[in-house]
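Coordinate analysis (summary)
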Amino acid sequence: MKSKQFIVCGIGKFGTSLATELAKGGYEVLVVDGNEDRIQEISSVVTHAVQANTTDVDAMRALGIRNFDVGIVAIGNDIQSSIMTTLILKELGIPYVVAKATSTIHERVLRKIGADRVIQPELDMGKRIATNLISGNIVEHIQLSADYSIAEIQALKEWIGKSIVDVNLRSRYGINVIAIQRKGKLDISPRPDYVFLEDDVLVVVGQNERIKALHK
């Protein structure tokens, strides 16, 4: 029986530890990371170590990764790279993709785009974010860059009974709705005529200052 082959994308502390343990177990492990120094450090431990951009579909295809059984996205802090890498692994035919998440929203997005399993090694991160960064109407917050974030927000009272197009979120508040959670169900890319109810939670993306302004 053929032994499983693993590709590990991203070799921070978590990725390095995981790749090392798999290699010790006798499995074939390909590690991909954009940092040359990290690749050099782990090259003697794993089967193959390649410096490449994991969000570049052509570069990843050139590595022949469709032959691997399990893909592991160990990228945590760079949410955009994490999502793009997960998508690419699935598109290139990896049968089973495991992705690292750093928050509940990140986990939901990864599951929605096809990750077969999502893990949160730093499970207390959400609590820390909630305690230190979130107040008022903001439920949960992920900073994508210095300027933009994804956030979960409670529907404001003045939005109740109105549709997305009526509220005009993009022009008036500078945010775009990615999804809406209602009674435990997540509606991805809701229609413009979606009417807000009192307990709706919106997943939005926008400039940090505009999102913060929602709870002032």
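Report follows, based on the coordinates. (Residues numbered from 1 in each chain as written. Predicted model: local features only at pLDDT ≥ 70, side-chain atom pairs only at ≥ 80, totals over all residues. Heavy atoms only, no water.)

**Thoughts on the overall build of the protein chain**
Looking only at helices and strands, one finds 9 helices and 11 strands in the protein chain. When burial is assessed residue by residue, the protein chain has 43% of its 216 residues classed as buried. Summed over its atoms, the accessible surface of the protein chain is roughly 11,700 Å², and 48% of this surface lies on carbon and sulfur atoms. (Helix = DSSP H or I, 4+ residues; strand = E, 2+ residues; numbered from the N terminus. Buried < 20%, exposed > 50% of the residue type's maximum accessible area, 1.4 Å probe, protein only. Areas by Shrake-Rupley, 256 points an atom, 1.4 Å probe, with all protein chains shown as cover.)

**Quick notes on the pairing of strand β11 (residues 201-207)**
Most of β11 is tucked away, with 5 of its 7 residues classed as buried. Examined bridge by bridge, strand β8 (residues 148-154) and β11 share 7 bridges and lie antiparallel to one another. Note on β11: the bridge partner recorded for tyrosine 148 is glutamine 207. In this sheet, β11 lies alongside strand β9 (residues 175-182) in antiparallel orientation, the contact comprising 6 bridges. The residue of β11 that forms the bridge with valine 177 is valine 204. (Pairing = 2+ DSSP bridges.)

**Some points on the environment of aspartate 37**
Relative to the assigned elements, aspartate 37 resides in helix α2 (residues 36-42). C-alpha of aspartate 37 to C-alpha of glutamine 51: the two residues are 14 residues apart in sequence and 9.3 Å apart in space.

**Details of helix α5 (residues 104-112)**
Here α5 has its buried residues at Ile105, His106, Glu107 and Leu110. Sitting at the head of α5, serine 103 places a side-chain oxygen 3.1 Å from the backbone nitrogen of histidine 106. Directly after α5, the chain includes glycine 114, whose backbone phi takes a positive value near 115°. (Polar contact = N/O pair within 3.5 Å; in protein donor to acceptor, adjacent residues only side chain to side chain.)

**Quick word on the sheet that holds strand β2 (residues 28-33)**
The 6 strands are arranged β3-β2-β1-β4-β5-β6 in an open sheet whose pairing can be described as parallel. The sheet is open, and its two borders are formed by β3 (48-51) and β6 (117-119), each paired with just one other strand. When strand polarity is set aside, the average angle formed by the axes of neighbouring strands in this sheet is 15°. Here 4 bridges tie strand β1 (residues 5-9) to strand β4 (residues 70-73), and the two strands are oriented parallel to one another. Of the residues in β4, the one forming a bridge with isoleucine 7 is glycine 71. Here helix α4 (residues 79-91) sits on the sheet and contacts β1, β4 and β5 (96-100); the angle it forms with β4, its principal contact strand, is near 170°. (Axes fitted to C-alpha atoms, helices over the stretch in contact; angles between N-to-C directions. Contact = heavy atoms within 4.5 Å.)

**Some words on α4**
With 13 residues, α4 should cover 18 Å at 1.5 Å per step; its first-to-last C-alpha distance of 18 Å lies within 8% of that length. Along α4, the residues that are buried comprise Ile79, Ser81, Ser82, Ile83, Thr85, Thr86, Ile88 and Leu89. Once α4 finishes, glycine 93 follows within two positions and takes phi at roughly 95°, a positive value. (Expected span 1.5 Å × (residues − 1).)

**Quick look at the pattern of salt bridges**
Per the counting criterion, the structure on display carries 7 salt bridges. One salt bridge in this structure joins aspartate 200 and arginine 182, with 2.8 Å as the shortest N-O distance. Within this pair, whereas aspartate 200 is found in the loop between β10 (185-188) and β11, its partner arginine 182 is found in strand β9, the two being separated by 18 residues in sequence. Taking relative accessible area as the criterion, arginine 182 reaches 26% and is therefore assigned partly exposed. In this structure, arginine 191 engages aspartate 193 in a salt bridge whose closest nitrogen and oxygen atoms are separated by 3.2 Å. (Salt bridge = Lys/Arg side-chain N within 4 Å of Asp/Glu carboxyl O.)

**Thoughts on the packing of α4 against α5**
Across the interface, α4 lies against α5 with an axial gap of 10 Å and an inter-helix angle of 20°. In this view, α4 runs roughly parallel relative to α5, as classed from their interaxial angle. Judged by the sense of rotation from one axis to the other, the crossing of α4 with α5 is right-handed. Mapping the contact onto sequence places Ile79, Ser82, Ile83 and Thr86 in α4 and His106, Val109 and Leu110 in α5. Taken together, the residues of the contact of α4 with α5 sort by class into 4 nonpolar, 3 polar and no charged. (Parallel < 35°, antiparallel > 145°, perpendicular 65-115°, else oblique. Left-handed = near helix turned anticlockwise from the far one by under 90°. Nonpolar A, V, L, I, M, F, W, Y, C, P; charged D, E, K, R; others polar.)

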